[in-house]
Each structure stands twice: as structure tokens, then as C-alpha cells.
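Now for the letters of each chain:
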Amino acid sequence: MRLYVLPLPNVALARDVFRLTSRDVAMARRTLRRRGLVPCGCFHTHPTRGPEPSSLDRSSMANVPRWWLIYSPLGHRLRMIRARGGRTERARVRVR
């Protein structure tokens, strides 16, 4: 499987929060559609804390039921998680 990453700007003013504009999300969807790709998840970092989802992440997961990959430079850890049926599921991530 190949992974295509489409970076979007973080418009949040605080370093420990991320926000996307609806315009950027719509542009990303159009770009993926033109390339024949389907979004499978979201990726972001937690630069000042571990890779566990924040409360904002958890509420966003309810609205965006895709896989969320969260990276923390503290210990170089990754977490892949999604909300499904009122509970969270984790996936094992292996980086080569």
C-alpha cells in the first residue's frame, strides 16, 4: 500500500492545538479526488506531549471517523487510533 500525505496548514494560534479551515479541507478533498485517492485518515503531531489523543482529538474523531495517526517527538512515539461505535480502536504501527 502506498501512502500519499497532503499537508494542510495549522491555523490555530496556540502551539498545542491544531485547526483546519473548511476551505483547506475542501481543497484537500478535491485534490485527492482528482488523483483517484480516498482519504483514510489524519496525521498530526503533539510537540509538547505524548501521542495519546487530546480531548479535542477525541471530539474531532467522533466527527471524522477515520484513522488518526499522532506522533510525539517525546520518545519518538506514534499512536494510530479511531473512534468507532462509541469506543476507540488502536492499530499497530510499524515504521521501517
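Parameters at a glance
- Residues numbered from 1 in each chain as written.
- Predicted model: local features only at pLDDT ≥ 70, side-chain atom pairs only at ≥ 80, totals over all residues.
- Heavy atoms only, no water.
- Helix = DSSP H or I, 4+ residues; strand = E, 2+ residues; numbered from the N terminus.
- Rg over C-alpha atoms; globule rule 2.2 N^0.38 Å.
- Buried < 20%, exposed > 50% of the residue type's maximum accessible area, 1.4 Å probe, protein only.
- Contact = heavy atoms within 4.5 Å.
- Areas by Shrake-Rupley, 256 points an atom, 1.4 Å probe, with all protein chains shown as cover.
- Pairing = 2+ DSSP bridges.
- Salt bridge = Lys/Arg side-chain N within 4 Å of Asp/Glu carboxyl O.
- Disulfide = S-S within 2.5 Å.

A. Focus on the overall build of the chain. When helices and strands are tallied, the chain shows 2 helices and 4 strands. Going from the N terminus to the C terminus, the chain shows its helices and strands as α-β-α-β-β-β. Computed over C-alpha atoms, the radius of gyration of the chain comes to 14 Å, within 12% of the 12 Å expected from 2.2 N^0.38 for 96 residues, which places it in the range of a compact globule. Overall, the chain is about 35 × 35 × 30 Å in size when its C-alpha atoms are taken along their principal axes. Every one of the 96 residues in the chain was classed for burial, and the buried ones make up 20%. Counting contacts in the chain only where the partners sit at least 6 residues apart, residues at least 24 apart contribute 41% of the total. By element, 53% of the accessible surface of the chain is carried by carbon and sulfur atoms, the whole surface being about 7600 Å².

B. Focus on the pairing of strand 3 (residues 77-84). Pairing analysis gives 5 bridges linking strand 2 (residues 67-72) to strand 3, with the strands arranged antiparallel. From the neighbouring strand, tryptophan 68 faces strand 3, where its bridge partner is isoleucine 81. Between strand 2 and the antiparallel strand that follows it, strand 3, lie 4 residues; glycine 75 among them carries a positive phi value of about 85°. Bridge count between strand 3 and strand 4 (residues 87-91): 5 bridges; the pairing is antiparallel.

C. Molecular detail of the pattern of salt bridges. Enumeration according to the criterion identifies 5 salt bridges in this entry. In this structure, the salt-bridge partner of glutamate 89 is arginine 84, at a minimum N-O distance of 4.0 Å. One salt bridge in this structure joins glutamate 89 and arginine 87, with 3.7 Å as the shortest N-O distance. Here arginine 87 falls in the exposed class, since its relative accessible area comes to 53%.

D. Quick peek at the state of the cysteines. Applying the stated criterion across every chain, the model contains 0 disulfides. No disulfide involves cysteine 40; its sulfur sits 9.0 Å from that of cysteine 42, the nearest cysteine.

E. Spotlight on the environment of leucine 13. Relative to the assigned elements, leucine 13 resides in the segment before helix 1 (22-34). Sequence separation of leucine 13 and asparagine 63 is 50 residues, and the distance between their C-alpha atoms is 22 Å.

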